[in-house]
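Observations on the model geometry
Each chain, written out:
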Amino acid sequence: MPDNPPENTPGASHNRPNVVLILADDLGWGDIGAYGSEIRTPNLDRLAKGGVRFSQMYNSARCCPTRASMLTGLNPQQAGVGHMVVNLGVPSYQGYLNDNCVTIAEVLNDAGYRTLMAGKWHVGGEQATLPDDWYPDMPGYPTPRGRGFDRFYGILSGGGSYYNPNMLMDDLTRISVDTTDYHFTDAISQHASDFVDDALHRDDPFFLYLAFTAPHWPLHALADDIERYRGTYRGGWDAMRTSRHEEQKGLGILDSKWAISARERGIPAWEDADNQEWRDVQMATYAAQVEQLDRGIGQVLDTLQQNGAMDDTIIMFMSDNGGCAEFLQEDTNYPDPSRYIHPTVDGRMVRVGNTPDIEPGPPDTFASVDIAWANASNAPFRLFKRYTHEGGISTPFIAHWPGRIPGGEIVHEPAHVMDIMATLVEATGATYPATYRGHDIQPMAGVSFLPALEGRKWSRGKPIMWEHEGNRAVRIGAWKLVSEVGAPPNPDPRDPGSMEAWELYNMDDDRTELNNLITGERDRAMSMMRGYAEWAENSTVQPWPIPSSPRPMGMDAITRHNHTVQVPSVRLGPPKRVATPNNSDNDGAKN
């Protein structure tokens, strides 16, 4: 499309709606106000008040698989991203979008939409070890511009410093940050707002994919935002879990009969936790990241409002996985500080670690929210990002479309982010292709939930199934079958007939997965296991770990709870785990 927009009236109506698809990164199910949080998210809350919330929207448990599934309407293995961006040697786990899928951007671009992206890509191959002859969209390294987007500002990789991000791109040009007042969340928001303003002065409708990295680690937030939350979390993670659980029941997004899950193993009671003042700041910084994200969403909403385009725009918001208990483990199971200790823009060394010696927030720190607060973010559910229990795969989901979506409603039917493609195809009148650029395209695996958005009776009908790192699950109606890799008694996860590997729950009665019914429902469980095995074969799911595949260190073991076994006082703090530079006056981590 042309770079110079034609003269046009901003916000002029057209027959097809604009689309804004917003994705948060590592945001827990209960981390926004509309889902029971104490964190201030007024913009998301007003979208929820004027739109629809889903209480049982699911993602694919981890960053890359969710993005691949959401963008293509397929299971992640079908799209080529069954794990992360590391190529594991088989097509379904190659780590980048394959040629037998299409993205929402490609579908809507062919339908005449201007397609825009600001934020995090992370479905285009491993960016940490690029070949010497790398160039954008070379084989194995697709970028947004090569997969249907007219404009792109953001990162191709999975994360890193918010003040000095790596693999930062402006369309097809790799750029760097040269100012100390830069913050990636604000830059994403500003570019998204500018893209929208430009698009609204053109004749065609637009599709914006707004993919924040917040609140993914590191804990990088603005000082004033952190100060507003300092002291808020001195009551601790137990009180936070209880408060959010009660609020969720009061909001009607959680059935009051569902008891809260127990605190995850290895997490002490708050009264027994050390360094409470520092842990308060740890969570305060995370909360500040969420508020900053919400403020950026508000900037885009203001642009729509000022141009009279809110009524003509479908807005959807979700998270890519549950709250994150890991630290420095983006693509492997072990922390790798060396990947993230790039210097600050003004040349300072970065201090890496979750330790009271390092207060998080500024550019020269690199910390995470860690397991205890992640457990609270996912309350009342079990487990975290990576796992297929509810804490790993449940996402807040808000849809807003004035005139088509009734305000303040809650949909309790299960759905999955792969359903977004089918929903937008129906809502926009676009055509999902059978072939694209000479390649056969797989049929959509998702189902349109447009009737549910419009207040009509709707049920997905099709089962939802998951696999990530050997963690598996099946959701059929009220029943969920789930298997955590490495959980006691730790049977071989490659044996789909092993009943001991599975748990079975009636989600109408027990959404928090506390009462395992598999002993009394063996026939039902066996039927669901057979269904899973058939799905796994059709979706080219591989056993985990994948036999004979090239795997980086840390991906060669079947382990449980790779994040940690307890909340430590010091994690990767200088100078023990990360070598310091020769300058003895600097206590920071080696660059």
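The rules we used
Residues numbered from 1 in each chain as written. Predicted model: local features only at pLDDT ≥ 70, side-chain atom pairs only at ≥ 80, totals over all residues. Heavy atoms only, no water. Helix = DSSP H or I, 4+ residues; strand = E, 2+ residues; numbered from the N terminus. Axes fitted to C-alpha atoms, helices over the stretch in contact; angles between N-to-C directions. Parallel < 35°, antiparallel > 145°, perpendicular 65-115°, else oblique. Contact = heavy atoms within 4.5 Å. Nonpolar A, V, L, I, M, F, W, Y, C, P; charged D, E, K, R; others polar. Pairing = 2+ DSSP bridges. Buried < 20%, exposed > 50% of the residue type's maximum accessible area, 1.4 Å probe, protein only. Polar contact = N/O pair within 3.5 Å; in protein donor to acceptor, adjacent residues only side chain to side chain. Phe/Tyr/Trp six-rings, centres within 6.5 Å; stacked < 30°, edge-to-face > 60°. Lys NZ or Arg CZ within 6 Å of the ring centre and 35° of its normal. Salt bridge = Lys/Arg side-chain N within 4 Å of Asp/Glu carboxyl O. pLDDT = per-residue confidence, 0-100. Arc of directions from axis to C-beta. Core = buried A, V, L, I, M, F, W, Y, C linked by side-chain atoms within 4.5 Å.

**Remarks on unusual backbone geometry**
Most of the time, phi is negative for any residue but glycine, and the peptide bond is trans. Residue Pro-215 is bonded to the preceding Ala-214 through a cis peptide linkage, with omega at 0°. Along the chain, Pro-215 turns up in the loop between strand 7 (206-211) and helix 6 (223-229). Residues Trp-217 and Pro-218 are joined by a peptide bond in cis, for which omega reads 10°. Within the element layout of this structure, Pro-218 appears in the loop between strand 7 and helix 6. With a phi angle near 65°, Asp-26 is a residue other than glycine that sits in the positive phi range.

**Regarding the packing of helix 1 (residues 42-49) against helix 8 (residues 276-306)**
Two quantities define a packed helix pair, namely the angle between the helix axes and the distance between the axes. Across the interface, helix 1 lies against helix 8 with an axial gap of 7 Å and an inter-helix angle of 60°. It follows that helix 1 is oblique to helix 8 by the angle criterion. Contacts between helix 1 and helix 8 involve Pro-42, Asn-43, Leu-44, Arg-46 and Leu-47 from the first element and Leu-293, Asp-294, Arg-295, Ile-297, Gly-298, Leu-301 and Asp-302 from the second. Its residues assigned to classes, the contact of helix 1 with helix 8 comprises six nonpolar, two polar and four charged.

**Considerations on the sheet that holds strand 19 (residues 503-506)**
Pairing is antiparallel in the open sheet, where four strands are placed in the order 16-17-18-19. Single-partner strands in this sheet number two, and they are strand 16 (464-468) and strand 19. The sheet shows a mean angle of 10° between the axes of neighbouring strands, taken without regard to direction. In this sheet, strand 17 (residues 471-476) lies alongside strand 16 in antiparallel orientation, the contact comprising five bridges. The residue bridging His-468 from the neighbouring strand is Asn-471, located in strand 17. Of the strands in this sheet, strand 16, strand 17, strand 18 (479-483) and strand 19 are in contact with helix 13 (residues 522-538), which crosses strand 16 at around 65°.

**A few points about the side chain of Thr-115**
Take Thr-115: it is sitting in strand 3 (residues 114-120). By relative accessible area, which is 0% here, Thr-115 ends up buried. In terms of polar contacts, Thr-115 uses its side chain to reach the side chain of Asn-109, at 3.0 Å. Non-local contacts of Thr-115, meaning those with residues more than four positions away in its chain, are made with Ala-105, Leu-108, Asn-109, Gly-148, Phe-149, Asp-150, Arg-151 and Phe-207.

**Some details on the pairing of strand 19**
On strand 19, burial covers both faces: Glu-503 and Tyr-505 on one face and Leu-504 and Asn-506 on the other are all buried. The pairing of strand 18 with strand 19 spans four bridges and is classified as antiparallel. Considered in strand 19, the bridge of Leu-481 is made with Leu-504.

**Details of the packing of aromatic side chains**
The tally for this structure, following the rule as stated, stands at 17 aromatic pairs. Ring centres of Phe-54 and Phe-397 lie 5.1 Å apart, and the angle between their planes is 80°; this geometry places the pair in the edge-to-face category. With a gap of 343 residues between them, Phe-54 in strand 2 (residues 52-58) and Phe-397 in strand 11 (residues 394-400) connect regions that are remote in the sequence. Accessibility classification places Phe-54 together with Phe-397 in one group, the buried group. One aromatic cluster is present, formed by Phe-54, Phe-397, Phe-449 and Trp-458 through successive ring pairs. The ring centre of Tyr-229 lies 4.3 Å from the NZ or CZ of Arg-40, which sits over that ring.

**Side note on the pattern of salt bridges**
For the structure shown, the criterion picks out 38 salt bridges. The salt bridge involving Arg-40 is made with Glu-291; its shortest N-O contact spans 3.3 Å. With Arg-40 in the loop between strand 1 (18-24) and helix 1 and Glu-291 in helix 8, the pair connects residues that are 251 residues apart, well separated along the chain. By relative accessible area, which is 11% here, Glu-291 ends up buried. Residue Asp-238 is joined to Arg-263 by a salt bridge in which the shortest nitrogen-to-oxygen separation is 2.9 Å. Linking Asp-238 in helix 7 (residues 236-251) with Arg-263 in the loop between helix 7 and helix 8, this pair joins segments that are 25 residues apart in sequence. Judged by relative accessible area, Arg-263 falls into the partly exposed class, the value being 34%. It is possible to trace a salt-bridge network through shared partners that takes in Asp-26, Arg-62, Glu-326, Lys-385, Arg-386 and Glu-469.

**Regarding the side chain of Glu-106**
Relative to the helices and strands, Glu-106 is located in helix 4 (residues 104-110). Taking the relative accessible area as the measure of exposure, Glu-106 reaches 1% and is therefore buried. A polar atom in the side chain of Glu-106 sits 2.9 Å from the side chain of Arg-147. In this structure, Glu-106 is in contact with Cys-101, Gly-146, Arg-147, Gly-148, Tyr-436 and Arg-437, ignoring residues within four places of it in sequence.

**Examining the confidence of the model for the protein**
Averaged over all residues, the pLDDT of the protein is 89; the fraction at 70 or higher stands at 86%. At the level of individual helices and strands, the protein shows its lowest average pLDDT in strand 9 (residues 351-352), which scores 90, and its highest in strand 7, which scores 99. Considering only residues more than four positions removed or in separate chains, one finds that residues 1-9, a stretch of pLDDT under 50, has 21 contacts. Across residues 552-591, where pLDDT falls below 50, the model places 115 contacts with residues more than four positions away in sequence or in other chains.

**Description of helix 1**
Looking only at helix 1, the buried set comprises Asn-43, Leu-44, Leu-47 and Ala-48. Viewed end-on, helix 1 has its buried residues packed into an arc of 140°, placing them on one side of the element.

**Quick word on the environment of Asp-170**
Mapped onto the fold, Asp-170 is located in strand 5 (residues 168-170). When neighbours within four sequence positions are excluded, Asp-170 is seen to be in contact with Arg-151, Phe-152, Tyr-153 and Ile-175.

**Some thoughts on helix 2 (residues 63-72)**
With ten of ten residues buried, helix 2 lies mostly within the body of the structure. Just past helix 2, the residue Gly-73 takes up positive phi, approximately 75°.

**Brief notes about the nonpolar core**
With 71 residues, the main nonpolar core has Phe-206, Leu-208, Leu-210, Tyr-233, Leu-304 and Phe-317 as its most contacted residues. Among the elements that line this core, the one with the most residues is helix 8, at ten residues. Counting 63 residues, the second largest nonpolar core, distinct from the first, contains Val-85, Leu-97, Tyr-113 and Leu-424.

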